[in-house]
Amino acid sequence: MKAALLVDFGSTWTKLRALDLDGGTLLGSAQGPSTVTSDINVGFDAALRALAERLRGLPDFAYRLASSSAAGGLRMVTIGLVRELTAEAARQAALGAGARLVGSFAYRLTASDVAAVAALAPDIVLLCGGTDGGNREVILHNAHALAASALRCPVVVAGNREATDEILALLDDGERFVTAAANVLPAIDTLDIEPARAAIRDVFMRRIVSAKGIDRVHAAVDGVLLPTPAAVLEGAKLLADGIGARAGLGALVVVDPGGATTDVHSIGTGEPAAAGVIRYGLPEPYAKRTVEGDLGVRHNVSAIVAAVGVEAIAADAGMTVAEASTALDALESRVETLPGNAAERALDETLVRAAVDIAMKRHAGTVETVYTAQGPVQVQRGKDLSAVKHVIGTGGAIVHARDPASVLAAACADARDPQSLRPRAPRLCVDAHYMLYAAGLLAQVDRAVAFECARRGLRIVKE
Amino acid sequence: MPRTLVTGVIGADTHIVGNRILSMALEDAGYRVVALGALTPAADFVRAAIETAADAILVSSLYGQGELDCRGFRDACIEAGLDDILLYVGGNLVVGRQPWAEVERRFLDMGFDRAFPPGTRVETALAALAEDFAARDARAQ
């Protein structure tokens, strides 16, 4: 039997999945604590022992691949010119590369901006600005500001190609690693974030992994290839696109409500489903990831409550307002709490539903009617996801929910909000064994088996 | 290096055909054209001009509401650091029969360098661009 070991070094847990490469099935899974701050091998070894017990010995692994969101994840700062244009394109590139955005800057960096970037101490800076043949002055100014700063982290340059050589020479002073990629916005109507994403992943694999001490596990794994969110996005893309002969699921959405953030991934062009609709704004990435840092179902309980209202949460959870308030306070003061009794579980699912609802509303595009002298016109901003056929939930909050279908239904179109282009009638699925990251990793070496594993890992909760 | 021109139809105006023809003609004349198309808010002209380091913005308006849409256009450019960018406007700029000289005056007062009445030929616009860019070059020396 040919097998693969897929590891996720998470912020709390080190998770393992052993896959059978001949059949494309899950052999077993196990987890241990995340011990990246002391010695990453302690947690990894504990997880591996647990896996060996379950499988009665470990098979010979043909591949041992890992992703990581440990040690704060891939912390990035992005810099662009106009906030709605290259600065936004830079954000999309970094998010698509699986980064945790800790700062986004636009226009000329001021002295205090540069001090703020240095204080954020990012793992990578993505420097953009100007279309090809467009503005050079601002990205050059920002490169000079970074060169003169105390910042020593790697810089990926993906702006106006006419400024790139000069910037590389400026920043490459022997102490700082700098690399170039194609412009994230080569023309005002062309988004091209794939080269920048590839460059970020490369820097992550070659430099950040060792800088964070994750490479001390190197003897046991062949490589730490991707930040975990990028592995999930890769898995989602594989599921949507399929592989040659095997058709994929087509356009899809993955929602991942977590303790600190709620992530949404959508795969698909997002072109208007209806004819005659005019698209407005920056082109949308085919594989798009958004991260809602204010919608963690543990760390941001109060933000979710503020957005939805404690009355609505109490009603949804079947509690009185007083009961709900007390329980919500308790949750926020002890973020590690897992729901115990039925009332706590109901409250938890209410929070998860609210987080999924708001995160999806922000991720999906909108359509509005603009009245012109020639009659009404439909104008679309963002991605039209109304025709998406699959909504997939991943992560413990959905997988362990009593009623995952009701949580995923919160991601779908709502008659009270007709402007939001959310999936209208999708099939609802759960990534039951947390296989998306594993499939995304495995896809780097064997796409066919990876596709099989991802597809089999889906449990349909509502047709 | 070719000059960069931003074109588009401002406001809630969907008349795109004439603007497309203009953009193609400008490209044929050797300009680098950033065509924003129909239904373009004033702010988007300015944003695109910044990223592309444009030398001129050519605003089209065909539905008679141009005066409202273009109000403050030069000010928005100045706010964005494009103090000296060349600004043209053309099309059916106002409703009803108003003397062109008055209409033109209003748009020049708004800070446009030139305004063009309905029926202007592409050659006229090209000649104006050549003349204005030459004047700027002379001023810069």
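The structure displayed is predicted, hence computed values, not measured ones.

**A word on the overall build of chain B**
Step number 1: From N to C terminus, chain B includes 6 helices and 5 strands.
Step number 2: Each helix (α) and strand (β) of chain B, taken in turn from the N terminus, gives the series β-α-β-α-β-α-α-β-α-β-α.
Step number 3: Taking 141 residues into account, the globule formula puts the C-alpha radius of gyration at 14 Å, and chain B, at 14 Å, falls close to it.
Step number 4: By its C-alpha atoms, chain B is 45 × 30 × 25 Å across when sized along the principal axes.
Step number 5: Counting every position in chain B, which comprises 141 residues, the buried fraction comes to 43%.
Step number 6: Long-range pairs, those at least 24 residues apart, make up 75% of the contacts in chain B with a sequence separation of at least 6.

**Quick notes on the pairing of strand E1 (residues 3–9) of chain A**
Step number 1: Within E1(A), 6 of the 7 residues are buried, which leaves it mostly tucked inside the rest of the structure.
Step number 2: Taken together, E1(A) and the strand that follows it, strand E2 (residues 13–20) of chain A, pair antiparallel across an intervening segment of 3 residues.

**Side note on the environment of Ser420(A)**
All names here are of chain A.
Step number 1: With respect to the element layout, Ser420 can be found in the loop between helix H13 (404–409) and strand E20 (427–431).
Step number 2: Under the C-beta neighbour-count criterion, Ser420 is labelled buried, with 20 such atoms within 10 Å.
Step number 3: Separated by 59 residues in the primary sequence, Ser420 and Lys361 place their C-alpha atoms 6.6 Å from one another.
Step number 4: Here Ser420 is in contact with Lys361, Ala364, Thr366, Ala413 and Asp414, once residues within four sequence places are set aside.

**Topic: unusual backbone geometry**
Residues and elements named next belong to chain A.
Step number 1: The residue Tyr107 is not glycine, and still its phi comes out positive at about 60°.
Step number 2: Within the secondary structure, Tyr107 is located in the loop between strand E6 (100–105) and helix H3 (111–120).
Step number 3: A count of 19 C-beta atoms within 10 Å places Tyr107 in the partly exposed class.
Step number 4: One non-glycine residue, Ala121, lies in positive phi territory at about 45°.
Step number 5: Within the fold, Ala121 resides in the loop between H3 and strand E7 (124–127).
Step number 6: By C-beta crowding, Ala121 is classed as partly exposed, having 14 other C-beta atoms within 10 Å.

**Notes on the confidence of the model for chain B**
Step number 1: Per-residue pLDDT for chain B averages 91, and the proportion of residues at 70 or more is 100%.
Step number 2: Overall fold confidence (pTM) sits at 0.90, and the ipTM for the predicted complex is 0.81.

**Comments concerning the nonpolar core**
Step number 1: The biggest cluster of nonpolar side chains holds 189 residues, and the ones touching the most others in it are Leu126(A), Val156(A), Ile200(A), Leu252(A) and Leu442(A).
Step number 2: With sequence-adjacent residues up to four places away left out, Val156(A) is seen in contact with Ile124(A), Leu126(A), Thr179(A), Ala181(A), Ala196(A), Ala199(A), Ile200(A) and Val203(A).

**Things to note about the sheet that holds strand E9 (residues 178–180) of chain A**
Two orientations exist for strands paired in a sheet by backbone hydrogen bonds: parallel and antiparallel.
Residue and element names in this part refer to chain A.
Step number 1: The sheet built from 5 strands is open, its strands ordered E6-E5-E7-E8-E9 with parallel pairing. Each edge of the open sheet carries a strand with a single partner, namely E6 and E9. Sheet twist, expressed as the mean angle between neighbouring strand axes with direction ignored, is 20°.
Step number 2: Two elements, strand E5 (residues 75–79) and E7, share 4 bridges in a ladder whose sense is parallel. Following the sheet pairing, Ile79 is matched in E7 by Leu127.
Step number 3: In the packing of helix H6 (residues 194–211) onto the sheet, contacts are made with E7, strand E8 (155–157) and E9, and the angle to E7 comes to roughly 160°.

The rules behind these values
- Residues numbered from 1 in each chain as written.
- Chains lettered and ligands numbered in written order.
- Predicted model: local features only at pLDDT ≥ 70, side-chain atom pairs only at ≥ 80, totals over all residues.
- Helix = DSSP H or I, 4+ residues; strand = E, 2+ residues; numbered from the N terminus.
- Rg over C-alpha atoms; globule rule 2.2 N^0.38 Å.
- Buried ≥ 20, exposed ≤ 12 C-beta atoms within 10 Å, placed from the backbone.
- Contact = placed C-beta atoms within 7 Å.
- Pairing = 2+ DSSP bridges.
- pLDDT = per-residue confidence, 0-100.
- Core = buried A, V, L, I, M, F, W, Y, C linked by C-beta atoms within 7 Å.
- Axes fitted to C-alpha atoms, helices over the stretch in contact; angles between N-to-C directions.

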